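An overview of the molecular structure
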Amino acid sequence: MQPLIQLNNISAAYDNNVVLSHVNLEVNPSDFIGIIGPNGGGKTTLLKIILNLIKPISGELLKAKSLNVGYLPQVNTIDKQFPITIKDVILSGNYATNQWWKKPGKELQHKVSELLEFIGLENSHNESIGELSGGQMQRVFLCRALISNPNLLILDEPNTYVDKSFEANLYKLLSELNDDMAILLVSHDVGTISSMVKTIACVNGGLHYHPSNKITNEVLQSYNCPIELISHGHVPHRVLKHHDNE
Amino acid sequence: MNELLELLSFGFFRNALIAAVLTSIIAGIVGSYIVARRTVFISGGITHASFGGMGIAYFLGFPPFAGAAVFAILSAIGIEWSSNKVGLREDSSIAILWSLGMAIGILFVFLTPGYTPNLMGFLFGDILTVKVSDLLWLSAIGLICILLIKLFYPVILSVAFDSEFASVSKMPVQTIKYVSAIIVAISIVLSIKVMGIILVLSLFTIPASAANLFAKDLKKMMYFSVLISVIGSVTGLLVAYYLDLPSGATIIFTLTILYMLLRIKKLF
């Protein structure tokens, strides 16, 4: 099977500051890769390279002809006061594959309604986005990423604003979506993502690929990935590493 | 009423009225785009930079508005280009452009031998001397604005809202950005005839901000904005005529009063 995306020996820099060096990564059709790493480690830069928003200084980026990316950016980069309706936001996700000069047909309108129903915002087509909460807005942007039926979904910190009531839904949805598309999920919340993803890439200047979703402090340390492990449970707790004699 | 009809029989007043309406249509559409994208300050920079072109054109004996248009378009393209580069302090660069344009303009108007051109007209507008050729230019740009919005609204909206996502979606982001920068520049320069360099920015921002109080999307904002702008500028023009006051100032007062009334209405 041909990979959707292949990064070969990619390096990236801003004004001579090398942010990523010699990164290799392959994304295959049924992958669910969690990208973790400290702030400033190059997670966002890696996404921007994959999305063609910045050019690497060296290395090559190969893409499958069939590649169709759905992208959920960090919500805080978006102007929440912008005069645009929820419907128009979602429809803008469709212009990647469909001609934007055509009026959206019945099928597309129906799909918008379906997506809105799924995120619990039915009948809000013509509301402006300024009236949404952070979590609702993030769900609307998720719909925008999904409306074009992508085969690769890229999510940048999707759990930042999502309210707790929707979080479980989101994770269930992602694992369902994974049947049809590859998913790249960037997160700083390691504990949350490790339960959902299939494999993990730790980005900190370079990229270390870990072909399973079991991450331990040892793994992180040996990869030079200075982040703390957080785990969620019914009782607040910290997970300490195993004793040496165990 | 008779008095108004009599007034309309004067060619200069008819032209002024048509100019006010055409300028309002352009300012309503382009102004909504500027306000929605939060590029009011950039537009201010372009407006004032155009005075440099005006001064040079005067000095060399070219039509001053052609000089203004060249300067405005170049600075609009320059700002768009530099905003794509990383690490530029945009607000400071625009402030420099702003005052440099004015300085060049003042210098060349001063150096122009012979009579001193009507500086006040450039700075505060001169709607009563509008010529038929000005009206044709205003109609042409107005028509272009309406056509562009009519044909390309979805992509203009998407690029204005989230240009990063639009570029991931392979929309023609750079083309849209440069074309719209040029349209904004030309619209501003043509409106200078009516409002003057110093006051023109308010014609682009007050109606749009008022419309923004009620409109839920950019298209509705444009409709409301044109409506508010036409009402405000025609009323302002009549007030200016009857009270013998400068029209640019009365138009802005009327628009501001309209804005405040709408603001109050929104509270209830």
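Residues numbered from 1 in each chain as written. Chains lettered and ligands numbered in written order. Predicted model: local features only at pLDDT ≥ 70, side-chain atom pairs only at ≥ 80, totals over all residues.

All right, on to the sheet that holds strand β6 (residues 152-156) of chain A then. Residues and elements named next belong to chain A. What the six strands build is an open sheet, ordered β5-β6-β7-β3-β8-β9; its pairing is mixed. For this open sheet the edge positions go to β5 (69-72) and β9 (206-210), each flanked by a neighbour on one side alone. For this sheet, the mean angle separating the axes of adjacent strands, direction not counted, is 15°. Each of β5 and β6 touches helix α4 (residues 134-146); the most contacted strand, β5, lies at about 170° to it. (Pairing = 2+ DSSP bridges. Helix = DSSP H or I, 4+ residues; strand = E, 2+ residues; numbered from the N terminus. Axes fitted to C-alpha atoms, helices over the stretch in contact; angles between N-to-C directions. Contact = placed C-beta atoms within 7 Å.)

Below, the discussion takes up the pairing of strand β2 (residues 17-27) of chain A. All names here are of chain A. Two elements, strand β1 (residues 5-14) and β2, share seven bridges in a ladder whose sense is antiparallel. Each bridged residue has a counterpart across the sheet, and for Ile 5 the counterpart in β2 is Val 27. Hairpin connection from β1 to β2: two residues lie between these consecutive antiparallel strands, with Asp 15 at a positive phi of about 45°.

Now for the nonpolar core. Within the largest apolar cluster, 142 residues are counted, with the highest numbers of intra-cluster contacts made by Ile154(A), Val30(B), Ala72(B), Ala185(B) and Val189(B). Counting residues per element, this core draws most heavily on helix α2 (residues 11-36) of chain B, at 14 residues. For this core, the domains that each give at least three residues are domain 1 (1-67 + 151-246) and domain 2 (79-148) of chain A. Excluding residues within four positions of it along the chain, Val30(B) makes contact with Cys145(B), Ile183(B), Val184(B), Ser187(B) and Phe204(B). (Core = buried A, V, L, I, M, F, W, Y, C linked by C-beta atoms within 7 Å. Buried ≥ 20, exposed ≤ 12 C-beta atoms within 10 Å, placed from the backbone. Domains from an automatic or database assignment.)

On to the sheet that holds β1(A), then. All names here are of chain A. The strand order β2-β1-β4 describes an open sheet built from three strands, whose pairing is antiparallel. Of all strands in the sheet, those bounded by a partner on one side alone are β2 and β4 (58-63). When strand polarity is set aside, the average angle formed by the axes of neighbouring strands in this sheet is 25°.

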